[in-house]
Amino acid sequence: MHDHDHDDHHHDGGHGHSHLAPIEARVKALESILVEKGYVEPAAIDALIDTYETKVGPRNGARVVARAWTDPAFRDALAADATAAIAAMGFVGRQGEHMVALFNTPDEHHLVVCTLCSCYPWPVLGLPPTWYKSAPYRSRAVMDPRGVLAEFGVTLPETTAIRVWDSTAEVRYLVVPMRPEGTDGLDAERLADLVTRDSMIGTGLARAPGAASGEGAR
């Protein structure tokens, strides 16, 4: 189990940093060349990154969550083998080889962090947001998860336990937020509109029907 132990936590050498750094370095180098040669404007790159970070990628995960909300058999399959259930929906790729779904309930809220880098399930969440990679989030999510959630605008009842899960190169997590009230008449596609990227990391909740879209600037 990869539930985070607050007192004694160790990573072995197989955390997967070796392939992440070179890829990021190559992307930065390519970005610099494209900008220097005038092939693309920096603003265009920023817009593209934002699209994959907040829209296209997370929409995959949102569809997984919405289906879990509406299809009990799929929910069971997702709980039993998230990797296979997600792959069956066509969302596969690097950084998503071994997925585990965590289901929020009134009694338990799940929060995902990667304490040593930024392991992140790209096929269902797109690109990791900048704050996910930051040292303050990585360390404080472990030490003070309730305080971190409050900074994200999420205040949970004291009776709700918060479990922090440490993503690794071997296992990545998808949080299935609780279905908002008042959504009984919505189909899966409409429900997916309510599932935010942050809610699938655990730093947010699914939006109520009619709530404004957007994750908020951080």
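Residues numbered from 1 in each chain as written. Predicted model: local features only at pLDDT ≥ 70, side-chain atom pairs only at ≥ 80, totals over all residues. Heavy atoms only, no water.

Enquirer: What is the right way to look at the overall build of the chain in this model?
Expert: Per the secondary structure count, the chain includes ten helices and four strands. Element order for the chain, N to C, with α for helix and β for strand: α-α-α-α-β-β-α-α-α-α-β-β-α-α. Taking all 218 residues of the chain together, 43% fall into the buried category. Partitioning the contacts of the chain with sequence separation of at least 6, the portion at a separation of at least 24 is 71%. As displayed, the chain offers around 11300 Å² of accessible surface, 56% of which is attributable to carbon and sulfur atoms. (Helix = DSSP H or I, 4+ residues; strand = E, 2+ residues; numbered from the N terminus. Buried < 20%, exposed > 50% of the residue type's maximum accessible area, 1.4 Å probe, protein only. Contact = heavy atoms within 4.5 Å. Areas by Shrake-Rupley, 256 points an atom, 1.4 Å probe, with all protein chains shown as cover.)

Enquirer: Teacher, can you tell me more about the nonpolar core here?
Expert: A general feature of soluble globular proteins is that nonpolar side chains tend to end up buried together. Counting 51 residues, the largest nonpolar core has L78, I86 and Y137 as its most contacted members. Among the elements that take part in this core, helix α2 (residues 42-70) stands out by supplying six residues, more than any other. For I86, the residues in contact, after removing those within four places along its chain, are V64, L78, F91, M99, V124 and L174. (Core = buried A, V, L, I, M, F, W, Y, C linked by side-chain atoms within 4.5 Å.)

Enquirer: Before we go on, may I ask you to explain helix α7 (residues 135-143) in this structure?
Expert: All of the buried residues along α7 are Y137, R138, A141 and V142. An end-on view of α7 places all buried positions within 120 degrees of arc, on one side of the element. What points out from α7, more than 90 degrees from its buried face, is the exposed set P136 and M143. (Arc of directions from axis to C-beta.)

Enquirer: It is not clear to me how the pattern of salt bridges should be interpreted in this structure. Could you clarify?
Expert: A pair can form between side chains of opposite charge whenever their charged atoms are brought close. Counting across every chain of the model gives eight salt bridges. For the salt bridge of R140 with D144, the shortest nitrogen-to-oxygen distance reads 3.7 Å. Using a relative accessible area of 30% as the deciding quantity, one classes R140 as partly exposed. The salt bridge partner of E151 is R140, with a shortest N-O separation of 3.1 Å. Of this pair, E151 sits in helix α8 (residues 145-151) while R140 sits in helix α7, and the two are eleven residues apart along the sequence. Residues joined in a network through salt bridges with shared partners are R59, R63, E189 and D193. (Salt bridge = Lys/Arg side-chain N within 4 Å of Asp/Glu carboxyl O.)

Enquirer: Just to check I follow, could you spell out empty space enclosed by the protein for this structure?
Expert: For the structure shown, the criterion picks out one cavity of 30 Å³ or more. Here the largest cavity defines a volume of roughly 40 Å³. Around the largest cavity, the lining residues are V112, C119, Y120, P121, L125, Y132, S167, Y173, M200 and I201. Grouping the amino acids of the lining of the largest cavity by side-chain chemistry returns nine nonpolar, one polar and no charged. (1 Å grid on protein atoms, 1.4 Å probe; cavity = no way out; pocket = protein on both sides within 12 Å on 5 of 7 lines; lining within 4 Å. Points joined across faces, edges and corners; volume = space filled by probe spheres on them. Nonpolar A, V, L, I, M, F, W, Y, C, P; charged D, E, K, R; others polar.)

Enquirer: What's the story with the side chain of D166 in this structure? I'm lost.
Expert: Within the fold, D166 resides in strand β3 (residues 161-166). The charged side chain of D166 is buried without a salt bridge, its nearest counter-charge being R138 at 8.4 Å. At 2.8 Å, the side chain of D166 and the side chain of T115 are in polar contact. (Lys, Arg positive; Asp, Glu negative; His and termini not counted. Polar contact = N/O pair within 3.5 Å; in protein donor to acceptor, adjacent residues only side chain to side chain.)

Enquirer: When you look at the packing of aromatic side chains in this model, what are you seeing that I'm missing?
Expert: Counting across every chain of the model gives seven aromatic pairs. Both rings, one in W131 and one in F152, keep their centres 4.8 Å apart while their planes meet at 65 degrees; by these two values the pair is edge-to-face. One end of the pair, W131, is in helix α6 (residues 130-133); the other, F152, is in the loop between α8 and β3, with 21 residues separating them in the sequence. Each member of the pair W131 and F152 is classed as buried. Counting every residue linked through ring pairs, the aromatic cluster contains Y120, W131, Y132, Y137 and F152. (Phe/Tyr/Trp six-rings, centres within 6.5 Å; stacked < 30°, edge-to-face > 60°.)

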